[in-house]
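# Structural description and commentary
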Amino acid sequence: MKNVVKKKKRALRRYWISAFFLFLYALIGWLRLQQTLLYWYYFLELGLWPHPLYFAVSGGIIGAGYNLALIFHFARFKYTAQYIRFLGILLILWIWVDRIWIGIRDTFISLLPITIIITSCTIGLDLLLVRKIEYIKKKSQEHA
């Protein structure tokens with residue numbers, strides 16, 4: 001009996017930690033969009049590469065994607081685990097492509113530690129926190 005209670009507590013803790021990380025990723029995306037729009041003309045004056053539109057669009061996509069993941073997570077949608085993992089893989093690929101090929105070499109070196117941290121947090125969210133079995137509704141929950 002104690003084992004079952006411990007497993008339920010761990011599952012509940014994992015559920016809320018996952019929700020926190022999904023919220024955090026969505027917030028980062030929306031803040032990227034908001035800050036780009038706020039400083040749009042300043043970025044244009046600086047002549048940044050890539051264009052500020054790239055930052056705005058990528059922030060919006062990240063924010064919308066992880067917001068949808070958070071909604072799926074709370075609704076316990078059947079395919080939430082697969083969606084979050086797919087989103088995580090896309091995020092990791094985009095971050096590394098962005099840092100290596102789109103960004104400037106000096107910024108790649110200075111942002112390498114944070115890129116590694118983001119990559120490991122995303123892998124942790126995808127593999128350790130999100131479990132497919134937690135999104136499968138039991139017969140008793142379907143009728144309730």
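Residues numbered from 1 in each chain as written. Predicted model: local features only at pLDDT ≥ 70, side-chain atom pairs only at ≥ 80, totals over all residues. Heavy atoms only, no water.

A few words on the overall build of the chain. Helices and strands together make up the secondary structure of the chain, namely 6 helices and 0 strands. In the chain, the succession of helices and strands from N to C terminus is α-α-α-α-α-α. A globule of 144 residues ought to have a C-alpha radius of gyration of about 15 Å, yet the chain, at 18 Å, is considerably larger. Once local pairs closer than 6 in sequence are excluded, the contacts in the chain between residues at least 24 apart make up 69%. With the model as given, the accessible surface of the chain reaches about 9,900 Å², and the carbon-plus-sulfur share is 73%. One finds the centroid of the 19 positive side-chain charges in the chain at a distance of 20 Å from the centroid of its 6 negative side-chain charges. (Helix = DSSP H or I, 4+ residues; strand = E, 2+ residues; numbered from the N terminus. Rg over C-alpha atoms; globule rule 2.2 N^0.38 Å. Contact = heavy atoms within 4.5 Å. Areas by Shrake-Rupley, 256 points an atom, 1.4 Å probe, with all protein chains shown as cover. Lys, Arg positive; Asp, Glu negative; His and termini not counted. Charge placed at Lys NZ, Arg CZ, Asp CG, Glu CD.)

The subject of this paragraph is unusual backbone geometry. The amide bond that connects W49 to the next residue, P50, takes the cis arrangement and shows omega of -5°. When you line up the elements, P50 lands in the loop between α2 (40-46) and α3 (52-75). Phi angles above zero are rare outside glycine, and R76 is one such case at about 55°. Relative to the elements of secondary structure, R76 occurs in the loop between α3 and α4 (80-102). Looking at R76, the relative accessible area reads 31%, which means it is partly exposed. (Buried < 20%, exposed > 50% of the residue type's maximum accessible area, 1.4 Å probe, protein only.)

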